[in-house]
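Read off the chains here:
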Amino acid sequence: MIETAIDIAKEAGAFLRENVGKIREVHEKAGLPTNLVTNVDKQSEAMIIERICARYPGHQVLAEEGGGRETSSPFKWIIDPLDGTTNYTHGFPVFSVSIAVEHEGEVIAGVVYDPNLDELFTAEKGKGAFLNGKRLRVTGVSDLARSLLATGFPYNVRENPDHCIEHFIDFLKEAQAVRRLGSAALDLAYVAAGRLDGFWEVNLNPWDMAAAALCVAEAGGRLTDFAGEQFSIYRRQVVSSNALIHEEMLCVLRRVTDREVSD
Ligand code: IPD
Ligand code: CA
Ligand code: CA
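Here the structure is a predicted model, which is why all the values come from computation and not from measurement. (Residues numbered from 1 in each chain as written. Chains lettered and ligands numbered in written order. Predicted model: local features only at pLDDT ≥ 70, side-chain atom pairs only at ≥ 80, totals over all residues. Heavy atoms only, no water.)

### With respect to the coordination of the calcium ion (ligand 2)
Applied cut-off: Here a donor is any nitrogen, oxygen or sulfur atom (N, O, S) within 2.8 Å of the metal, with 3.2 Å used for Na, K and Ca; water is not among the atoms considered, so some sites may look incomplete.
Coordination of the calcium ion (ligand 2) by the protein is provided by Asp80 (OD), Asp83 (OD) and Asp208 (OD), with metal-donor distances spanning 2.1 to 2.2 Å. Written as a sequence motif, the donor residues of the calcium ion (ligand 2) are D-x2-D-x124-D.

### Let's talk about the domain arrangement of the protein
What counts is decided by this rule: Boundaries between domains were set according to an automatic or database domain assignment. Take the accessible area each of two parts loses on contact, using a 1.4 Å probe, and add the two losses: that sum is the buried area. Salt bridge, as used here, is a side-chain nitrogen of Lys or Arg placed within 4 Å of a carboxyl oxygen of Asp or Glu. Counted as a polar contact is a pair of N or O atoms within 3.5 Å, where, for protein atoms, one must be capable of donating a hydrogen and the other of accepting one, and residues adjacent in sequence contribute only when both atoms are in side chains. Only DSSP runs of H or I with at least four residues qualify as helices, and only runs of E with at least two residues qualify as strands; both kinds are numbered from the N terminus onward. Residues were grouped as follows: Ala, Val, Leu, Ile, Met, Phe, Trp, Tyr, Cys and Pro as nonpolar; Asp, Glu, Lys and Arg as charged; and all remaining residues, including Gly, as polar.
Its domain assignment divides the protein into domain 1 (2-135) and domain 2 (144-262). Distance between the C-alpha centres of domain 1 and domain 2: 21 Å. Of the roughly 2,400 Å² buried between domain 1 and domain 2, counting both surfaces, carbon and sulfur atoms make up 64%. Of all residues in domain 1, Thr34, Asp83 and Phe121 give up the largest surface area on contact with domain 2, accounting jointly for 20% of the area buried on that side. Here Arg195 makes a salt bridge to Glu119, at a shortest N to O gap of 2.7 Å. Inspection of the domain 1/domain 2 interface yields 12 residue pairs in polar contact (both at pLDDT 80 or more). Contributions of two or more residues to the side of domain 1 that touches domain 2 are made by strand 3 (60-63), strand 4 (75-83), helix 3 (85-89), strand 5 (96-103), strand 6 (106-114), strand 7 (119-124) and strand 8 (128-131). Ranked by residues supplied to the side of domain 1 that touches domain 2, first place goes to strand 6 with seven residues. Classifying every residue of the side of domain 1 that touches domain 2 gives 20 nonpolar, 11 polar and 10 charged.

### A look at the packing of helix 4 (residues 164-174) against helix 7 (residues 246-262)
Short version of the rule: To obtain each axis, a line is fitted to C-alpha atoms, and for helices this fit is confined to the stretch in contact; angles are then taken between N-to-C directions over 0 to 180 degrees. By definition in this entry, angles of less than 35 degrees are roughly parallel, angles greater than 145 are roughly antiparallel, angles of 65 to 115 are roughly perpendicular, and the rest are oblique. Take the far helix as your reference; a near helix turned counterclockwise from it by less than a right angle gives a left-handed crossing, and one turned clockwise gives a right-handed crossing. Contacts were defined at the residue level, with two residues in contact if any of their heavy atoms lie within 4.5 Å.
The interhelical angle for the contact between helix 4 and helix 7, taken along N-to-C directions, is 130 degrees, at an axis separation of 10 Å. The angle between the axes of helix 4 and helix 7 places the two elements in the oblique class. Where helix 4 crosses over helix 7, the two elements pack in a sense that is right-handed. Two secondary-structure elements touch here, helix 4 through Glu166, His167, Asp170, Phe171 and Glu174 and helix 7 through Met249, Val252, Leu253, Arg255, Val256 and Arg259. Considered class by class, the residues forming the contact of helix 4 with helix 7 number five nonpolar, one polar and five charged.

### Some remarks on the site of ligand 1
Note the threshold: If a single non-hydrogen atom of a residue is within 4 Å of a molecule or strand, that residue counts as near it. Site definitions follow a grid-based scheme: protein atoms alone, a 1 Å grid, a 1.4 Å probe that fits but cannot get out for cavities, and for pockets an open set with protein on both sides within 12 Å along at least five of seven lines, plus lining residues having an atom within 4 Å of a point. Assignment to a cavity or pocket requires that more than half of a molecule's atoms be within 2 Å of the site's grid points.
Taken together, 16 residues sit near ligand 1, with Asp83, Gly84, Thr85, Tyr155 and Glu201 positioned nearest. Residue Gly84 places a main-chain N or O atom 2.7 Å away from an oxygen atom belonging to ligand 1. A distance of 2.9 Å separates an oxygen atom of ligand 1 from a polar atom in the backbone of Ala184. When each cavity is represented as a set of grid points, ligand 1 is found to reside in the largest pocket. Here the shell around ligand 1 is built from residues that sort into five nonpolar, five polar and six charged. Per-domain counts for the shell around ligand 1 show at least three residues from each of domain 1 (2-135) and domain 2 (144-262).

### Structural notes on unusual backbone geometry
Condition: When accessible area is computed with a 1.4 Å probe and restricted to protein chains, residues below 20% of their type maximum are described as buried, those above 50% as exposed, and intermediate ones as partly exposed.
One non-glycine residue, Ala30, lies in the positive phi region at around 50 degrees. Structurally, Ala30 can be placed in the loop between strand 1 (26-28) and strand 2 (36-38). When its relative accessible area of 79% is taken as the criterion, Ala30 is described as exposed. If you check the backbone angles, Glu104 has positive phi at about 45 degrees while not being a glycine.

As structure tokens, then:
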């Protein structure tokens, strides 16, 4: 299955690259100018699902643009056909394709492909994480002050109740620097690859995280929710790190609520 996922992710990635600057339709999801979908997202998804169904006709599919299907199979493919749509619509070259395979509720394989850099991040449960075939390992940085972090903001950032702007400000004051790339799958893959020491975000979906979270775990990183509890791709939020700075990250995330209590 991982080989199938790799072939399809590369094909979809090539399609995304070819179509930069050639988008025909852009729609605002739920009327939000911050939440876009294009004909390219939809065509990429249709192509990915067609390929998966041809190869594994009984498997379940969960895909961002709604092309999925439920069956009684224990296997579920989880797909983001274009992660980083806002970047894509502006020709900002940070976007990816994410394809994961879940078996009985556990992600067992994941592929994130960045067609701009021709970088393929892969992971299989218990078998490690790789970038273009080279084994990945998270960083050994042990203090937040020397850490490069990334985050993203939800589409409803203006009224989101999860304090994401306050968290951003708090991390800016504590970390070496904070980035906002615009593709959560790449953010997580970069933690796995040791390019980032940590990443956090709220309001994510399973297709943003499934493949790349497995890369982080298989590269020796740690993943939890904001409370430090067990991570799930279905629980909308993630704190991921090289494990060494994880507790410090959780402390910073708790600071907003601590301030509220003391006010
Ligand atoms: C988005 C990207 C972005 C993150 C958003 C996601 P999309 O996915 O991953 O980095 O901040 O929360 O929804 O919509 O471009 O597939
Ligand atoms: Ca996404
Ligand atoms: Ca997407």
